[in-house]
Amino acid sequence: MLKKERFCQDRLFGERGGMKIKTKDTVIVNKGKDVGKTGRVEKLILKNQRVVVSGVNIYKKHGRPTKKNPKGGIIDVTMPIRIENVTLVCPHCSKPARVGYKINKDNKIRVCKKCGDQV
Ligand SMILES: [Zn+2]
């Protein structure tokens, strides 16, 4: 029982299985080739626990000519990164924040554990 609870926390799952990161959040990368970079979360990929962060984890890809890119050639592709490799940056204190939850009336709100503000 205890072991299982700890496992859930490690995986960054909330109580109801949701992820602590949401789209439009600003996150900082803490692992991999882009350590220290920050960007905005563009997309969540729930099924494999990854996020697409603008400006992070960009790979060059050789593309064939298409209507959008008539010359073809090298294009930048933003690849998803594992959610545990990013940390939410609190918009209030501008620091990588640990996230907690508070019950406010009937709503569960996400809060920064550093400054206590809603994020
Ligand atoms: Zn904060």
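Parameters at a glance
- Every residue gets a number counted from 1 within its own chain, in the order that chain's sequence is written.
- In view of the model being predicted, local features appear only for residues whose pLDDT reaches at least 70, and side-chain atom pairs are presented and counted only at 80 or more, with totals across whole chains, interfaces and linings using the full set of residues.
- Strand pairing requires that DSSP identify at least two bridges connecting the strands.
- Per the convention used, a helix needs a DSSP run of H or I reaching at least four residues, while a strand needs a run of E reaching at least two, with both numbered from the N terminus.
- The contact criterion used is a C-beta to C-beta distance within 7 Å, with each C-beta placed from the backbone.
- Labels follow a simple rule on C-beta atoms placed from the backbone: if 20 or more others lie within 10 Å of a residue's own, it is buried; if 12 or fewer, it is exposed; otherwise it is partly exposed.
- Here, a nonpolar core denotes buried Ala, Val, Leu, Ile, Met, Phe, Trp, Tyr and Cys residues that are linked to one another through C-beta atoms within 7 Å.
- Domain start and stop positions are those given by an automatic or database domain assignment.

Trainee: Can you lay out the pairing of strand S2 (residues 38-45) for me, pointing to particular residues and giving the numbers?
Mentor: Of the pairings in the sheet, the one linking strand S1 (residues 26-29) to S2 comprises 3 bridges and is antiparallel in character. Looking at the pairing, Thr26 lines up with Arg40 of S2. Relative to strand S3 (residues 50-53), S2 is paired through 4 bridges, and the arrangement is antiparallel. Within the sheet, the bridge partner assigned to Ile45 lies in S3 and is Arg50. Between S2 and S3, which pair antiparallel one after the other, the connecting turn spans 4 residues, and Gln49 there sits at a positive phi close to 55°.

Trainee: Quick one: what's the story with the environment of Val99, residue by residue and with numbers?
Mentor: Within the fold, Val99 resides in strand S8 (residues 99-104). Excluding anything up to four places from it in sequence, Val99 contacts Lys20, Leu88, Arg110, Cys112, Lys113 and Val119.

Trainee: Please provide a residue-by-residue account of the pairing of S8, values included.
Mentor: Little of S8 is tucked away, with 0 of its 6 residues classed as buried. Sheet topology places S8 next to strand S9 (residues 107-112); 6 bridges connect them, and they run antiparallel. Counted as the bridge partner of Asn104 is Asn107 from S9. In this antiparallel pair of consecutive strands, S8 and S9, the connection spans 2 residues, and Lys105 shows a positive phi of 55°.

Trainee: How would you summarise unusual backbone geometry if you had to cite specific residues and measurements?
Mentor: The residue Gln49 is not glycine, and still its phi comes out positive at about 55°. Its location among the elements puts Gln49 in the loop between S2 and S3.

Trainee: Tell me about the nonpolar core, and name the residues and values.
Mentor: If you look at the biggest cluster of nonpolar residues, it comprises 13 residues, and the most contacted ones within it are Val51, Val53 and Val86. Elements with a minimum of two residues in this core: S3 and strand S7 (86-88). Domain assignment of the residues forming this core places at least three in each of domain 1 (20-88) and domain 2 (90-119). Apart from the residues lying within four places of it in its own chain, the contact partners of Val53 are Val27, Gly39, Arg40, Val41, Glu42, Ile81 and Val86.

Trainee: Lay out the sheet that holds S3 with the relevant residues and their values.
Mentor: An order of S6-S3-S2-S1-S7 is seen for the 5 strands of this open sheet, with the pairing classed as antiparallel. On the outer flanks of this sheet lie strand S6 (81-82) and S7, each paired with one strand and no other. Note: S3 against S6, 2 bridges, orientation antiparallel. Note that in S6 the partner of Arg50 across the bridge is Arg82.

On their own, these measurements won't tell you what the molecule is for.
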